[in-house]
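Tertiary structure, described
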Amino acid sequence: MTSAYVLDSHLSKFGKTDSDYQSLSYETANQLLKRNPDFVPEFLIFACMAPERYTGEIFLPAKIKEDLGLSSLFAIRSETASSSGASALHLARYLLLSGKFKRGIVIGTEVMSRLPREENNLLLGSVLSSQQRNLAMSMAQGGALTATRYLRDFGYTRKELFRLSKKLHDSGLENKIAHIQKNLSEEEYFSSPMFSSPLCLYDISPLSDGSCALLLETDPERLKKDRKKIEITGTGHGLGQVNGVPGGLSFPASKSAFEQAYAESGKKPSDIKVAELHDAFTIFEIIAAEDAGLFPQGKALANVAEGITDKRGRLPINPSGGLKTRGHPVGVSGLAQIAELCEFMNTNDTDTALGLSIGGLGVNNFATILEAKR
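Note that the structure is a prediction, hence the values are computed from the model and not measured.

1. Comments concerning the UniProt feature "domain: Thiolase C-terminal" (unreviewed entry) in the chain
Following the UniProt record, one finds the feature "domain: Thiolase C-terminal" (unreviewed entry) at residues 252–371. Split by type, residues 252–371 is 42% helix and 15% strand. Its first and last C-alpha atoms lie 25 Å apart.

Following this line, the structure appears as structure tokens:
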């Protein structure tokens with residue numbers, strides 16, 4: 001049976017760039033292809049959310065293919081808002097499993113810094129329903145509703161939210177491509193601006209530019225001999241209601257995606273050794289960890305406080321720093337999670353990894369299970 005393996009990946013520095021989508025995509029993908037000169041992709045999938053709004057660029061897959069000097073190949077764009085990178089990865093895997101293609105390249109790029117924060121917030125908020133927008137609701141307020149209920153229902157305070165943010169910032173300090181590299185103090189956390197109570201500045205991911213490229217291969221003999229063979233063994237997708245009521249303690253779309261990924265891979269929550277979970281708002285890491293069955297409902301934040309999910313803890317969650325500190329170029333994050341998980345598995349004694357990417361306010365969600373073997 002055909003399998004899909006991650007051959008190699010490359011991440012740009014996340015933060016702010018002077019490049020446009022086309023140039024940054026070329027820079028990232030070209031470095032990856034130069035490292036793998038014998039790799040000839042048969043398809044190119046490009047992930048992004050809104051280049052038309054950010055930089056006015058269109059028709060990017062064909063232009064990037066031309067820049068890379070690739071011969072004629074299947075080239076398309078995948079867009080599912082903030083889960084675009086993950087949707088592109090899943091689509092690429094389906095193409096490989098179909099038997100029609102043997103290898104391909106997936107590229108995700110976003111250049112968000114061209115718009116001021118106010119315009120960015122309006123653009124990102126456009127994924128909300130018309131009812132939610134009519135109430136002047138923002139994405140951050142949706143996250144805040146969930147955080148408020150979680151703290152209240154399970155007896156936590158902002159002290160535990162600080163510990164979660166501190167964990168992510170400590171991991172970001174060790175990630176050379178991270179947008180935010182800061183040794184966050186408790187005083188800085190509690191004196192920072194409150195965006196939407198109880199979420200402050202250090203609970204919300206930054207607006208980032210960045211790019212990630214990844215090579216997928218069906219032939220394990222072509223994989224690098226000094227690296228683990230990392231196979232995508234399970235994928236799952238959940239599509240919830242755009243008009244759903246925000247503020248729940250679970251995202252049904254995530255639970256559906258996790259169930260499918262576990263079923264396909266034959267794995268269960270106790271098999272997961274590391275995870276990268278969508279945390280555009282810090283509380284989303286907690287909700288995702290519980291939806292994935294990694295902890296019982298109401299217990300994930302306590303496990304953070306005990307150090308269980310630290311980068312060197314028993315079950316590292318977001319050891320890259322997550323979207324919170326690595327940065328959140330929205331159309332890239334789901335693909336970057338996979339690149340970060342592959343790097344973690346190659347440098348640690350870890351064999352099974354889980355990723356979750358969220359599109360919209362918990363609506364269009366993708367779960368991915370990776371398995372590594374020598």
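2. Details of unusual backbone geometry
Working note: non-glycine residues mostly have negative phi, and peptide bonds are mostly trans. Of note, the amide linkage connecting Ser197 to Pro198 takes the cis form, showing an omega dihedral of 10 degrees. Within the secondary structure, Pro198 is located in the loop between β5 (194–196) and β6 (199–200). Phi angles above zero are rare outside glycine, and Ala136 is one such case at about 60 degrees. Among the secondary structure elements, Ala136 is positioned in the loop between α6 (130–134) and α7 (139–154).

3. A few points about the pairing of strand β10 (residues 352–357)
Burial of β10 is extensive: six of the six residues sit out of reach of the surface. Going residue by residue along β10, you find Thr352, Leu354 and Leu356 tucked away on one face and Ala353, Gly355 and Ser357 tucked away on the opposite face as well.

4. Considerations on the packing of aromatic side chains
As enumerated under the stated definition, the model contains nine aromatic pairs in all. Taking the centre distance of 5.6 Å and the plane angle of 10 degrees together, the rings of Tyr150 and Tyr156 count as stacked. Tyr156 sits in the buried class, given a relative accessible area of 13%. Taken together, the ring pairs connect Phe43, Phe74 and Phe101 into an aromatic cluster.

5. Structural notes on the nonpolar core
A general feature of soluble globular proteins is that nonpolar side chains tend to end up buried together. Counting 52 residues, the largest nonpolar core has Tyr150, Leu277, Phe281 and Leu294 as its most contacted members. Residues in contact with Leu277, not counting those within four places in the same chain, are Phe258, Glu285, Ala288, Ala289, Leu294, Ile317, Asn318, Gln337 and Leu356. Of all hydrophobic cores here, the second largest spans 33 residues; its members include Val6, Phe14, Ala47 and Leu370.

6. Here we look at α7
The first and last C-alpha atoms of α7 sit 23 Å apart over 16 residues, in line with the 22 Å expected at 1.5 Å per residue. Three or more residues of α7 are buried, namely Met139, Ala140, Gly142, Gly143, Ala144, Thr146, Ala147, Tyr150 and Leu151. Those residues of α7 that are buried lie in contact with α5 (117–125), α8 (158–173), β5, β6, α11 (282–291) and α12 (300–305). A positive backbone phi angle near 75 degrees is found at Gly155, which sits one or two residues after α7.

7. Examining the side chain of Thr28
Tracing the backbone through its elements, the reader meets Thr28 in helix α1 (residues 21–35). Those residues in contact with Thr28 that sit more than four places away from it in its chain are His10, Ser12, Ser211, Cys212 and Ala213.

8. Quick look at the packing of α8 against α11
Running from amino to carboxyl end, α8 crosses α11 at an angle of 95 degrees, the nearest separation of the two axes being 9 Å. In terms of their interaxial angle, α8 and α11 are classed as roughly perpendicular. Where α8 approaches α11, its residues Leu161, Leu164, Ser165, Lys167 and Leu168 are matched on the opposing element by Thr282, Ile283, Glu285 and Ile286. Broken down by class, the residue content of the contact of α8 with α11 amounts to five nonpolar, two polar and two charged.

Quick notes on the rules
Numbering of residues begins from 1 in every chain and follows the order in which that chain's sequence is written. Given that this is a predicted model, residues contribute local features only at a pLDDT of at least 70 and side-chain atom pairs are listed and counted only at 80 or more, while totals for whole chains, interfaces and linings are drawn from all residues. The basis for every side-chain value is the complete set of non-hydrogen atoms in the structure, without hydrogens or water. UniProt positions are given in the numbering used here, feature names are shortened, and annotations may be inferred rather than shown by experiment. Counting from the N terminus, the helices are the DSSP runs of H or I reaching at least four residues and the strands are the DSSP runs of E reaching at least two. Per-residue accessibility, obtained with a 1.4 Å probe over protein chains only, is compared with the maximum for each type, and a residue is labelled buried under 20%, exposed over 50%, and partly exposed between these values. Aromatic rings from Phe, Tyr and Trp, taking only the six-membered ring of Trp, are treated as a pair when their centres fall within 6.5 Å; an angle between ring planes under 30 degrees marks them as stacked, one over 60 as edge-to-face, and anything in between as tilted. To define a nonpolar core, start from buried Ala, Val, Leu, Ile, Met, Phe, Trp, Tyr and Cys residues and group those joined through side-chain atoms within 4.5 Å. In what follows, a contact means two residues having at least one pair of non-hydrogen atoms within 4.5 Å. Expected helix span is computed as 1.5 Å times (number of residues minus one). Here an angle of 0 to 180 degrees is reported between the N-to-C directions of two axes, which are lines fitted to C-alpha atoms, with helices fitted over the stretch in contact. Should an angle lie under 35 degrees it is considered roughly parallel, over 145 roughly antiparallel, and from 65 to 115 roughly perpendicular; all remaining angles are considered oblique. Residue polarity is assigned by list, with Asp, Glu, Lys and Arg as charged and Ala, Val, Leu, Ile, Met, Phe, Trp, Tyr, Cys and Pro as nonpolar; anything else, Gly included, falls into the polar class.

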